[in-house]
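Here is what each chain is made of, one letter per residue.
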Amino acid sequence: MREVTKKSKLQVPSNGIGEASADKIGNYRWLICSLLFAATTINYIDRQILGLLKPELEKNFHWTETDYSRIVMAFTACYAFGLLFYGRLIDKIGTKLGYIISVSVWSVAAMLHSTIRTTLGFAAVRGLLGLSESGNYPAGVKTVAEWFPKRERALAIGILDSGSNIGACVGPILVPWLLLSYGWRAAFIITGSLGFLWLIVWISFYQVPSKQRRLTKSEFQYINSDEDEKVESDQLPAMSWKQLLRMKQTWAFIAGKFFTDPIWFFFLFWLPSYFNNYFHLDLKKPSLPLVIIYSGTMIGSLGGGYLSSWLIKKGWNVHKARKMALLISAICVIPIMTTRYTTNMWFVVALISLSAAANQAWSANIFAIVPDMFPKKAVSSVVGLGGMIGAIGSLLFPIFIGFILDYYKNAGNIVTGYNIIFLVCGTSFMLAWLIIHLLTRKMDSKTANG
């Protein structure tokens, strides 16, 4: 372990680490960030493939919509539980081993889909996939906390999170081609194997900064340049669930996830149906409106991360910068409520694109506030806890959506149902921001140390 002092400039003993001139920081941390981006992309491809193969699998296994919904629920329920489990586990065993376990198990689970011959079997392997894939975000955010100073964390998390958008775009292109060329069983095997290829690179190139011999002295100093106390967080005692739940900062993150995660799931699963019902969009053909909306989410991930990082570099307090970025993101979601006043499809596409991009900008910054407010040894636990509550919200919100849409569909005006849901989408982020602001006001002028 490298020793650190209370000086603003770290002293690094000679241990074989590459030297670099003081004016050249180095970019090894961005290589690590690219690995996190790749892991998230693979995570979403393996997650999305079942939905893309649904028409084919329905023919083979004679699924009803109820059968399919139960398979989806098995994944979501196990994913919610897994977030809590992996969050704690990764704080104990570290990011390198945590990722190895998570990616190994989810890749095996993804490939096991190819061997299943019953509906119950699909529910079982889907549950295993959900349990193991839940390790991605707790491990990813903790890795960012280890490898980036506060001024760059939101941007790095934005890059990590944009992998979900790329995965959502790559899947619909890759999976149909695999299905037509090799069949559905081979599609599961090939996409599942991507995780093992990623693991080869991860094992070869990853260590925590203090042990990474490829890292230059100047970049190591830069990574640790904004530490208030020059003490490695792994020397601090672990925090119990009881301690974390007593902290207002924990509840701020929980609120930020509970009120906003369900909106992202709505954007993913119900927007195609909305455009089909309102604008009679043929979903059997390439849908430019949906391509525009989902492509915009990647811009939101990167732009939201860049915004708070830019404010910090301009001299803003870290917590004020994050909350300003969250506030701007919340405000940019509000225009979705005005879709009821227009019948122009492209104007609606513009409004929803802005809101969906703002959703992802919010995501980049809501994850970034965790390493800002907690010791590194508690980061994965808090991300897992908040992620679990967000997943529970994502389970509950579809019940509300189904009730509203069924009611107005039976009344012959399903578009009104969508307009009501858009009202909820437009207000939920501001409600979450107000709760975060009230719970963290005292942190605007100081940094919490847990």
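Residues numbered from 1 in each chain as written. Predicted model: local features only at pLDDT ≥ 70, side-chain atom pairs only at ≥ 80, totals over all residues. Heavy atoms only, no water.

**Concerning the pattern of salt bridges**
A pair can form between side chains of opposite charge whenever their charged atoms are brought close. Rules: By definition, a salt bridge exists where a carboxyl oxygen of Asp or Glu is found within 4 Å of a side-chain nitrogen of Lys or Arg. Helix and strand assignments follow DSSP, with helices taken as H or I runs no shorter than four residues and strands as E runs no shorter than two, numbered in order from the N terminus. For every residue, the accessible area (1.4 Å probe, protein chains only) is compared with the maximum for its type, and the residue is labelled buried under 20%, exposed over 50%, or partly exposed between those bounds.
According to the stated counting rule, one finds eight salt bridges in the structure shown. Asp 372 is the partner of Arg 153 in a salt bridge, and the nearest nitrogen-oxygen pair spans 3.8 Å. On the criterion of sequence distance, the pair formed by Arg 153 in helix α6 (residues 150–182) and Asp 372 in helix α15 (residues 345–373) is long-range, its members being 219 residues apart. Judged by relative accessible area, Asp 372 falls into the buried class, the value being 2%.

**Notes on empty space enclosed by the protein**
This is how it is decided: Points on a 1 Å grid, built from protein atoms alone, make a cavity when a 1.4 Å probe fits but cannot get out and make a pocket when they are open with protein on both sides within 12 Å along at least 5 of 7 lines; residues with an atom within 4 Å of a point are the lining residues. Grid points are joined across faces, edges and corners, and a volume is the space filled by probe spheres set on the points. Note on residue classes: Ala, Val, Leu, Ile, Met, Phe, Trp, Tyr, Cys and Pro are nonpolar, Asp, Glu, Lys and Arg are charged, and everything else, Gly too, is polar.
Throughout the structure, instances matching the rule amount to four cavities of 30 Å³ or more. Estimates place the volume of the largest cavity at around 330 Å³. If you go around the largest cavity, you meet 24 residues; those closest to its centre are Tyr 44, Lys 257, Asp 261, Trp 264 and Phe 367. Where the lining of the largest cavity is concerned, the elements lending two or more residues are α1 (28–61), α2 (65–93), α6, α11 (261–269), α15 and α16 (379–410). Residue contributions to the lining of the largest cavity peak at six residues, all from α15. Residues that form the lining of the largest cavity fall into these classes: 12 nonpolar, eight polar and four charged.

**A short note on the environment of Met 324**
For the record, the criterion: Whether two residues are in contact is decided by their heavy atoms: any pair within 4.5 Å suffices.
If you trace the backbone, Met 324 turns up in helix α14 (residues 318–333). What makes Met 324 partly exposed here is its relative accessible area of 30%. Taking C-alpha positions, Met 324 is 8.9 Å from Leu 311, a pair spaced 13 residues apart along the chain. Other than its neighbours up to four places away in sequence, Met 324 contacts Leu 311 and Trp 316.

**Points about the confidence of the model for the chain**
The criterion, for reference: Residue-level confidence of the predictor is summarised by pLDDT, bounded by 0 at the bottom and 100 at the top.
Looking at the chain, pLDDT values average 85 and 89% of them are 70 or higher. Here helix α12 (residues 271–279) stands out as the least confident element of the chain, with mean pLDDT 76; helix α3 (residues 95–112) is the most confident, with 96. Predicted confidence is poor over residues 1–23, with pLDDT under 50, and the contacts of this stretch with residues over four places away or in other chains come to 47 contacts. Considering only residues more than four positions removed or in separate chains, one finds that residues 229–234, a stretch of pLDDT under 50, has 16 contacts.

**A few points about helix α7 (residues 184–205)**
Threshold: Expected span of a helix, by definition, is 1.5 Å for each gap between consecutive residues, and there is one gap fewer than residues.
In a regular helix each residue adds 1.5 Å, so 22 residues correspond to 32 Å; α7 covers 33 Å between its end C-alpha atoms and thus fits that length. Buried residues of α7: Trp 184, Ala 186, Ala 187, Phe 188, Thr 191, Gly 192, Gly 195, Trp 198, Leu 199 and Trp 202, and no others. Buried residues along α7 sit in contact with α1, α3, α4 (119–133), α5 (136–147) and α6.

**Quick notes on unusual backbone geometry**
If you check the backbone angles, His 62 has positive phi at about 55° while not being a glycine. Note on placement: His 62 falls in the loop between α1 and α2. The exposure class of His 62 is exposed, given its relative accessible area of 64%.

**Considerations on the packing of α16 against helix α17 (residues 414–439)**
We count it as follows: Axis definition: a line fitted to C-alpha atoms, over the contacting stretch in the case of helices. Angles run 0 to 180 degrees between N-to-C directions. The labels follow the angle: roughly parallel below 35 degrees, roughly antiparallel above 145, roughly perpendicular from 65 to 115, and oblique for the rest. For any pair of crossing helices, the crossing counts as left-handed if the nearer helix is rotated counterclockwise from the farther one by less than a right angle, and right-handed if it is rotated clockwise.
Orientation of α16 relative to α17, taken along the N-to-C sense of each, is 150°, at an axis distance of 7 Å. By the angle between their axes, α16 is roughly antiparallel relative to α17. For the pair α16 and α17, the sense of crossing is right-handed. Each of Phe 397, Phe 400, Ile 401, Ile 404, Leu 405, Tyr 408 and Lys 409 in α16 lies in contact with α17, whose residues at this interface are Ile 414, Thr 416, Gly 417, Tyr 418, Ile 420, Ile 421 and Val 424. A per-class count over the contact of α16 with α17 returns 11 nonpolar, two polar and one charged.

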